[in-house]
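Structural description and commentary
So you can see what is in the structure, the chains are spelled out below.
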Amino acid sequence: MRRVAAIDCGTNSVRLLIADVSGDDLTDVERRMEIVRLGQDVDRTGRLAPEALERTFTAMRGYAKLIREHASGEEVPVRVVATSATRDAANRADFVTGVLEIFGVEPEVASGDEEARLSFTGATRGLARAGAAAETPYLVVDIGGGSTEFVVGSRSVEGALSVDIGCVRLTERHLRADPPADGDVTAAVADIEAAMDRVEEHVPVRTARTLVGLAGSVTTVAGIALDLPAYDPARIHHSRIPAERVHEVSARLLRMTHDERAAIPVMHPGRVDVIGAGALILDRIVRRYGFAEVVVSEHDILDGIAWSLTA
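Keep in mind it's a predicted model, so treat the numbers as computed, not measured. (Residues numbered from 1 in each chain as written. Predicted model: local features only at pLDDT ≥ 70, side-chain atom pairs only at ≥ 80, totals over all residues. Heavy atoms only, no water.)

1. As for the overall build of the chain
Along its length, the chain carries 14 helices and eleven strands. For 311 residues, the compact-globule formula gives about 19 Å, and the C-alpha radius of gyration of the chain, at 18 Å, lands near that figure. Along the three orthogonal principal directions, the C-alpha set of the chain runs to about 55 × 45 × 40 Å. When each of the 311 residues of the chain is scored for burial, the buried share is 57%. The chain carries 35 positive and 48 negative side-chain charges, and their two centres are separated by 1 Å. (Helix = DSSP H or I, 4+ residues; strand = E, 2+ residues; numbered from the N terminus. Rg over C-alpha atoms; globule rule 2.2 N^0.38 Å. Buried < 20%, exposed > 50% of the residue type's maximum accessible area, 1.4 Å probe, protein only. Lys, Arg positive; Asp, Glu negative; His and termini not counted. Charge placed at Lys NZ, Arg CZ, Asp CG, Glu CD.)

2. Considering the pattern of salt bridges
This structure, assessed with the given rule, holds 23 salt bridges. Put simply, arginine 31 and aspartate 28 hold a salt bridge, and the shortest N to O gap is 2.7 Å. Through salt bridges with shared partners, a single ionic network connects Glu193, Asp197, Glu200, Arg206, Arg284 and Arg288. (Salt bridge = Lys/Arg side-chain N within 4 Å of Asp/Glu carboxyl O.)

3. What about the packing of aromatic side chains?
Applying the stated rule across the entire model yields one aromatic pair. Between phenylalanine 57 and phenylalanine 95, the ring centres sit 6.4 Å apart and the planes meet at 20 degrees, which makes this aromatic pair stacked. With phenylalanine 57 in helix 2 (residues 50-69) and phenylalanine 95 in helix 4 (residues 92-103), the pair connects residues that are 38 residues apart, well separated along the chain. Exposure class is identical for phenylalanine 57 and phenylalanine 95. Each is buried. A cation over an aromatic ring shows up here: arginine 125 above the ring of tryptophan 307, its NZ or CZ 3.7 Å from the ring centre. (Phe/Tyr/Trp six-rings, centres within 6.5 Å; stacked < 30°, edge-to-face > 60°. Lys NZ or Arg CZ within 6 Å of the ring centre and 35° of its normal.)

4. With respect to the nonpolar core
Leu139, Phe150, Leu211, Leu253, Leu282, Ile285 and Tyr289 are the most contacted members of the largest nonpolar core, which has 54 residues in total. Of all the elements, helix 13 (residues 275-289) adds the most residues to this core, at nine residues. Leaving out residues up to four positions away in the same chain, leucine 211 has contacts with Leu139, Val141, Ile285, Val286, Phe291, Glu293, Val294 and Val295. (Core = buried A, V, L, I, M, F, W, Y, C linked by side-chain atoms within 4.5 Å. Contact = heavy atoms within 4.5 Å.)

5. Some details on the sheet that holds strand 3 (residues 25-35)
Here we have five strands laid out as an open sheet, ordered 3-2-1-4-5, and mixed in their pairing. Two strands lie at the open edges of the sheet, namely strand 3 and strand 5 (108-109), each paired on one side alone. Direction of pairing for strand 1 (residues 2-9) relative to strand 2 (residues 13-22): antiparallel, over a ladder of eight bridges. Bridging across to strand 2, alanine 6 finds its partner in leucine 17. On top of the sheet, helix 4 reaches strand 1, strand 4 (78-82) and strand 5; it is set at about 160 degrees to strand 4, its chief contact. (Pairing = 2+ DSSP bridges. Axes fitted to C-alpha atoms, helices over the stretch in contact; angles between N-to-C directions.)

6. Some thoughts on the sheet that holds strand 8 (residues 157-163)
Strand order in this open sheet of six strands is 8-7-6-9-11-10, and the pairing throughout is mixed. The sheet terminates laterally at strand 8 and strand 10 (240-242), the two strands that pair on one side only. Each neighbouring strand pair of the sheet contributes to a mean axis angle of 25 degrees, computed without reference to strand direction. Summarising the sheet, strand 9 (residues 210-214) and strand 11 (residues 293-297) pair through three bridges and their orientation is parallel. Within the sheet, the bridge partner assigned to leucine 214 lies in strand 11 and is serine 297.

Structure follows, in C-alpha cells:
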C-alpha cells in the first residue's frame, strides 16, 4: 500500500485527494474541495487576478498542512496539476512560484490532452468493476470551469480533445444577467455547438455507447435530478440520470434567480453563479449525441492524478 497526494487546480476550484493505493484499489484518506475561482476574468484579461491567486494559495496552504498530518513519518509523493485557467494566463509564473513554495514541487500545467487522459483514467478505472456501465466505448465528459474534456475509449483512450467551453467561461461571456435572457442562452448554445463541431473532427464521439459525466456541474445536476435533501456523494456516484431529467434540470436552472438557485439543497455556494452554464453544456451534449442517460461519476481527474503517482 502506498499513500499519495493529488491536487487538481482548475478554473473554479482547487481539490485535494490523499489516498492509499494498493493494486487496483484506491481508498480515500482525505478528499477536499474549495471554490477559489482562480480563473476569475482570465477569459477577458488573459491574467490571473492577484486576489484569485491569494484565495488559491490560502486553500493550498491548508492542503499542505493536511498532507503533513497524514504523512505518518513517511514521505508522501505529491502531484499538482493545473488546468484551463493556468494554461491561458500570461502570468502563470506567479502561480508556479507560489505552488512551489507551498508544496515543494512545481505544478504541471497540463495540456488539454493530458487533462483528458487523467480524467478518463479517474472516471473509468473502477467503472466496469462497479457494474455501473457495461457498454463501451465510453464518452467521458469533464465539464470544468474553463474547459470541457471529451474522451472516448474502452480500456484505453481512443481519442481526446479539450475545448474552451466551461461553466465559468460561458457565464462570464454570455450568462451575466440573472436569470439570463433568451438571447444570451442562444449565444452560449452557439459556443457549445461550435466547440462540439471541433470535437467531432478529432474524437470518435459517435462510436460511444455510454456517456459518463464528471465534475461539479454534472454531480450537482445529478443531485437536483435525484431530489436529494443534501449533497450525498455516495448516492450520486454511478447514478444514472435519464436524458429527460437532464433537460428539465437545465431548463429550470436557466430560469431561476441567484437566490432560487442558492436555496437548492445540493447546491454548493461557489456554484450558484455558474451552474446554469454547466448544466447547459451537459444538456447540449446529451441532445447532440442522443444518449438516453448519463452515468455520473464522483471520480475524475483528481483520481487520475492519484493513480498516476503509482505508475
